[in-house]
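Observations on chain architecture
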Amino acid sequence: MFALRRSLLSAGRIARPQVARFSSASVLLQHKAVKTAEKLSEVTGPESLIGTSAAPGTVPTDLEQETGLARLELLGKMDGIDIFDLGPVIRPQHSVKGTPDDPIWVPTYDSSRIVGCSGTPHGSHEVQWFHAGVEKVGRCDECGAVYRAYELGADEEAPHH
Ligand SMILES: [Zn+2]
């Protein structure tokens, strides 16, 4: 009894791909569990960034054929959001250069980023490259300016003075 039931169940499982083979590509897409994002708010992960398909005989639009990061950028632009644009560099409030208490804030999507300092005003010394972290500030060897990173994220906002 159990064996019969199991064989019927597994037969049903095997039958499914055979049915799918006769379906058109668009039907297959509709059967996918992950929905293609057509708005930025619908992006759930890399799988949601596949394109839809163009109707036969038409030239596909960017919205129909773009995938991956290009699609993510396109969806952002449709919503007026430049997703690769980092937040602003926030100048120190009370000093010309950044200090440990009043640093130059630089945005990052990570816990630190590389900063190139050319002094104040810009270009007053050779560019010095160093890390500025969220936890650990970075200091320019040339002019002593202090930089600190602030993390960009869905719910994070730029630091307020
Ligand atoms: Zn400097």
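Check the entry above for the structure.
Let me sum up the structure you'll find in this document.

About the thresholds
- Residues numbered from 1 in each chain as written.
- Predicted model: local features only at pLDDT ≥ 70, side-chain atom pairs only at ≥ 80, totals over all residues.
- Heavy atoms only, no water.
- Phe/Tyr/Trp six-rings, centres within 6.5 Å; stacked < 30°, edge-to-face > 60°.
- Helix = DSSP H or I, 4+ residues; strand = E, 2+ residues; numbered from the N terminus.
- Buried < 20%, exposed > 50% of the residue type's maximum accessible area, 1.4 Å probe, protein only.
- Salt bridge = Lys/Arg side-chain N within 4 Å of Asp/Glu carboxyl O.
- Donors = N, O, S within 2.8 Å, 3.2 Å for Na, K, Ca; no water.
- Tetrahedral: all angles 85-135°; square planar, octahedral: opposite > 155°, others 65-115°.
- Core = buried A, V, L, I, M, F, W, Y, C linked by side-chain atoms within 4.5 Å.
- Contact = heavy atoms within 4.5 Å.
- Lys, Arg positive; Asp, Glu negative; His and termini not counted.
- Polar contact = N/O pair within 3.5 Å; in protein donor to acceptor, adjacent residues only side chain to side chain.

Some details on the packing of aromatic side chains
- Inspection of the entire model under this criterion finds one aromatic pair.
- Taking the centre distance of 5.5 Å and the plane angle of 65 degrees together, the rings of Phe130 and Tyr147 count as edge-to-face. In this pair, Phe130 is assigned in strand β3 (residues 128-133) and Tyr147 in strand β5 (residues 146-151), connecting sequence segments 17 residues apart. The pair formed by Phe130 and Tyr147 is uniform in burial state, with each residue classed as buried.

What about the pattern of salt bridges?
- Inspection of the entire model under this criterion finds two salt bridges.
- Taking the shortest distance from any N to any O, the salt bridge between Lys35 and Glu42 comes out at 3.5 Å.
- The exposed category is assigned to Lys35, whose relative accessible area is 54%.
- A salt bridge links Glu73 to Lys77; the shortest N-O distance between them is 3.5 Å. You can see Glu73 and its partner Lys77 sitting in helix α4 (residues 68-78), four residues apart, about one turn around the helix.

Some remarks on the coordination of the zinc ion
- Protein coordination at the zinc ion comes from Cys117 (SG), His125 (NE2), Cys140 (SG) and Cys143 (SG), with a distance range of 2.1 to 2.3 Å.
- Coordination at the zinc ion is tetrahedral: its four donor atoms span angles of 104 to 114 degrees at the metal.
- We note that the donor set of the zinc ion lies within a single chain, spaced as C-x7-H-x14-C-x2-C. Taken together, the residues span a long stretch of sequence, with His125 in the loop between β2 (112-117) and β3 and Cys143 in the loop between β4 (138-139) and β5 at a distance of 18 residues. You'll find His125 and Cys143 in the same group, each marked buried.

Some words on the nonpolar core
- With 12 residues, the main nonpolar core is built from Ile104, Val106, Val115, Cys117, Phe130, Ala132, Val134, Cys140, Cys143, Ala145, Tyr147 and Ala149.
- If you list the elements that add at least two residues to this core, you get β1 (104-108), β2, β3 and β5.
- Discounting residues that sit within four places of it in the chain, Ala149 has contacts with Trp105, Val106, Thr108, Ala132, Gly133 and Val134.
- Ranked by size, the runner-up nonpolar core spans five residues in total, among them Leu40, Leu49, Leu72 and Leu75.

Focus: the side chain of Arg71
- Mapped onto the elements of the fold, Arg71 is located in helix α4.
- In this structure Arg71 is buried but unpaired, with Glu38 as the nearest side chain of opposite charge at 5.3 Å.
- One polar contact links the side chain of Arg71 to the main-chain carbonyl oxygen of Leu63, over a distance of 2.5 Å.
- Excluding residues that lie within four positions of it along the chain, Arg71 makes contacts with Thr36, Ala37, Glu38, Leu49, Ile50, Gly51, Asp62, Leu63, Glu64 and Glu66.

A few points about the environment of Ser41
- Structurally, Ser41 is set in the loop between α2 (25-31) and α3 (62-65).
- For Ser41, a relative accessible area of 62% translates into the label exposed.
- Each C-alpha atom of the pair Ser41 and Asp79 lies 9.3 Å from the other, and the pair is 38 residues apart in sequence.

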